[in-house]
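Geometric and topological summary
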Amino acid sequence: MSDANDVGSDDDPSTPAIAVTLAATFFVGSVFSSTVVHEVLGRRGLPAAPLAYAMVFSPISYAVVVSEERIQQSRHWPTIEKLWYPGIIGAAMVGPVIATAFFPAAFGRSLPRGIPTAIALTTSIAAPALAVARGLSQRKKAGGRP
């Protein structure tokens, strides 16, 4: 039975937020690396592979967040532990890059070279900055220290 105070449990209202944050974080990171690979391969535009991969990885990230606590409590955890986080990061970050290498679909193919990388880099910097600013703003509204 799952306690409502357990982070990552099915009943925890923060579970969807954690899963979305996980998926968004990996998506933003994979967009930059996929865009660099896309341009190195001589293709134009922003690669579509990270977006397609995010549609697949988002439900998986939810399942990971929900099941992580149960998996950590299982007797198999000592065996899995060394590969758990590197496996998640690898699947989330390397998967889109591999997909980009093999599937040349892209958005904005008319953009000049370098602009897609600049867009991806700006997004990679702006998204976390906005998330931190939003968190600080909410903390300030709640009366906490920034």
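Everything here concerns the structure above.
First things first, this report covers the structure right here in the doc. If you're wondering where the values come from, they're calculated on a predicted model, not measured in any experiment.

1. Some details on the layout of surface pockets
Taken as a whole, the largest pocket encloses approximately 190 Å³ of empty space. Lining the largest pocket are V20, T21, A24, T25, V28, A127, P128 and A131. Looking at the lining of the largest pocket, the elements that each hand over two or more residues are α1 (14-40) and α4 (115-141). No other element matches the 5 residues that α1 contributes to the lining of the largest pocket. For the lining of the largest pocket, the class distribution of residues is 6 nonpolar, 2 polar and no charged.

2. So, empty space enclosed by the protein
What the rule picks out here adds up to 1 cavity of 30 Å³ or more. Each pocket or cavity is described by its volume, and for the largest cavity that value is around 50 Å³. Every residue lining the largest cavity is listed: A23, F26, F27, S30, P50, Y53, A54, F57, A92 and P96. Within the residue set of the lining of the largest cavity, elements represented by two or more residues are α1, α2 (49-73) and α3 (77-102). Taken together, the residues of the lining of the largest cavity break down into 9 nonpolar, 1 polar and no charged.

3. Description of the side chain of S30
By the element assignment, S30 lies in helix α1. The exposure class assigned to S30 is buried, which follows from its relative accessible area of 1%. Sequence-distant contacts of S30, that is, excluding residues within four places in its chain, are made with P50, A92, M93 and P96.

4. Digging into the packing of α2 against α3
Look at α2 against α3: their axes get within 9 Å of each other, and the N-to-C directions meet at 170°. Judged on the interaxial angle alone, α3 and α2 are roughly antiparallel. Where α2 approaches α3, its residues A49, P50, Y53, F57, V64, E68, I71 and Q72 are matched on the opposing element by W77, I80, W84, Y85, I88, A91, A92, G95, P96, A99 and T100. Classifying every residue of the contact of α2 with α3 by side-chain character gives 15 nonpolar, 3 polar and 1 charged.

5. Digging into α3
Most pronounced at L83, the bend in α3 amounts to some 40°, and the proline P86 follows within four residues. Residues W77, W84, I88, A92, G95, P96, A99 and T100 constitute the buried set of α3.

Cut-offs and rules
- Residues numbered from 1 in each chain as written.
- Predicted model: local features only at pLDDT ≥ 70, side-chain atom pairs only at ≥ 80, totals over all residues.
- Heavy atoms only, no water.
- 1 Å grid on protein atoms, 1.4 Å probe; cavity = no way out; pocket = protein on both sides within 12 Å on 5 of 7 lines; lining within 4 Å.
- Points joined across faces, edges and corners; volume = space filled by probe spheres on them.
- Helix = DSSP H or I, 4+ residues; strand = E, 2+ residues; numbered from the N terminus.
- Nonpolar A, V, L, I, M, F, W, Y, C, P; charged D, E, K, R; others polar.
- Buried < 20%, exposed > 50% of the residue type's maximum accessible area, 1.4 Å probe, protein only.
- Contact = heavy atoms within 4.5 Å.
- Axes fitted to C-alpha atoms, helices over the stretch in contact; angles between N-to-C directions.
- Parallel < 35°, antiparallel > 145°, perpendicular 65-115°, else oblique.
- Bend = angle between axes of the 7 residues up to and from the residue.

Any functional reading would require information beyond the geometric quantities listed.
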